[in-house]
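# Structural characterization, general
Here's the letter readout for the chains.
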Amino acid sequence: MGHTGISALPATESYRLREPQPGDMGWIVHRHGVLYAQEYGWGGTFEALVAEIAAAYLKHYDPRRDRCWIAEKDGRIIGSVAIAHETEEEARLRLLLVEPEARGLGLGRRLVEECIRFAKEAGYRKIALWTNHPLHAARRLYEDAGFTLVREEAHDKFGEGLIGQSWELAL
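So, here's what we can say about the structure.

About the criteria used
Residues numbered from 1 in each chain as written. Predicted model: local features only at pLDDT ≥ 70, side-chain atom pairs only at ≥ 80, totals over all residues. Heavy atoms only, no water. Helix = DSSP H or I, 4+ residues; strand = E, 2+ residues; numbered from the N terminus. Contact = heavy atoms within 4.5 Å. Pairing = 2+ DSSP bridges. Axes fitted to C-alpha atoms, helices over the stretch in contact; angles between N-to-C directions. Phe/Tyr/Trp six-rings, centres within 6.5 Å; stacked < 30°, edge-to-face > 60°. Buried < 20%, exposed > 50% of the residue type's maximum accessible area, 1.4 Å probe, protein only. 1 Å grid on protein atoms, 1.4 Å probe; cavity = no way out; pocket = protein on both sides within 12 Å on 5 of 7 lines; lining within 4 Å. Points joined across faces, edges and corners; volume = space filled by probe spheres on them. Nonpolar A, V, L, I, M, F, W, Y, C, P; charged D, E, K, R; others polar.

## Regarding the side chain of Ser166
Note that Ser166 resides in strand E7 (residues 162-170). Every residue in contact with Ser166, bar those within four places of it in the chain, is listed here: Leu129, Trp130, Thr148, Leu149, Val150 and Arg151.

Here it is in C-alpha cells:
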C-alpha cells in the first residue's frame, strides 16, 4: 500500500509520520478499542465500528484518493489518522487517535492538517467526519481547523446519552 507524499519530520520534531505498514490497521483497531473503553466506557460495538472502517479502508484503498498517517516516537506508534474517499468530491476524515502520552505535542493538530492538505491536493471539495460529543479535544481540533458542526443526533450505539456529531469543512 505504498504511496508518496509522506516524509519524515525534521530531527527537531519529537515524532515522525509514516505510511502504514502491515499490521498497522490492526493496531488502530486495538488501540481505539482499549483507549475508548478506558476513557469512555465504550465496548465491543465501538471496536467493531473501528474494525469495519479499517477494513473498508484497506479493501477500497485508492492511492490517488486515500491516505493514512501513522505517527511514531522512538519506534513506537503514538497516533493515526486517515482520509478516505466518500465520493469524487467528498473525503471523510477517519480513525484519528493520539495516545495519552503523546497528547500535548501538537500531534492531533498536525494529523488533521495533513488530512486537509492531502484532500486539497487530491481535488476534494469537502471533508466530512463523524464524532461524538464527549470527545472534547478532537472537537477543538476540528473547530480550530475550520470544520463546521452540521448535524447532531442522539444515539446509544456505544453507551447511553451520546450525541453523534457530523462536521464538514469546505475546501
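## Here's the deal with the sheet that holds strand E4 (residues 90-98)
Strand order in the open sheet formed by seven strands is E1-E2-E3-E4-E5-E7-E6, and the pairing between neighbours is mixed. Looking at strand neighbours, the two that pair on one side only are strand E1 (16-18) and strand E6 (148-155), the edges of this open sheet. Mean inter-strand twist for the sheet, computed between neighbouring axes without regard to direction, equals 25 degrees. As paired strands, E4 and strand E5 (residues 126-132) are joined by three bridges and run parallel to one another. Residue pairing for E5: Ala91 is matched across the bridge by Ile127.

## Some thoughts on the packing of aromatic side chains
Going through the model one piece at a time under the given rule, you end up with 11 aromatic pairs. Aromatic pair Trp42 and Phe158: ring centres 5.1 Å apart, planes at 35 degrees, arrangement tilted. With Trp42 in the loop between helix H1 (24-40) and helix H2 (44-59) and Phe158 in the loop between E6 and E7, this residue pair connects regions lying 116 residues apart in the sequence. For Phe158, a relative accessible area of 8% corresponds to the buried category. With a centroid separation of 5.1 Å and 80 degrees between ring planes, the pair formed by Phe46 and Phe158 is classed as edge-to-face. Placement of the pair is Phe46 in helix H2 and Phe158 in the loop between E6 and E7, with a sequence separation of 112 residues. Phe158 matches Phe46 in its accessibility class, with the two residues each being buried. Here a set of aromatic residues connected by ring pairs shows up, and it is made of Tyr36, Tyr40, Trp42, Phe46, Trp130 and Phe158.

## Observations concerning the layout of surface pockets
Estimates place the volume of the largest pocket at around 860 Å³. Taken together, 38 residues line the largest pocket, and the ones lying closest to its centre are Tyr36, Leu96, Leu135, Ala138 and Tyr142. Contributing elements (two or more residues each) for the lining of the largest pocket: H1, H2, E4, helix H3 (107-121), E5 and helix H4 (136-144). Residues of the lining of the largest pocket, tallied by class, amount to 23 nonpolar, eight polar and seven charged. The calculated volume of the second largest pocket comes to roughly 160 Å³.

## Digging into unusual backbone geometry
The phi dihedral of Asp74 falls on the positive side, at around 55 degrees, and the residue is not glycine. With respect to the secondary-structure elements, Asp74 resides in the loop between strand E2 (67-73) and strand E3 (76-85). Residue classification places Asp74 among the exposed positions, given a relative accessible area of 75%. Phi at Leu95 takes a positive value of approximately 60 degrees, unusual for a residue other than glycine. With respect to the helices and strands, Leu95 occurs in strand E4. Leu95 sits in the buried class, given a relative accessible area of 8%.

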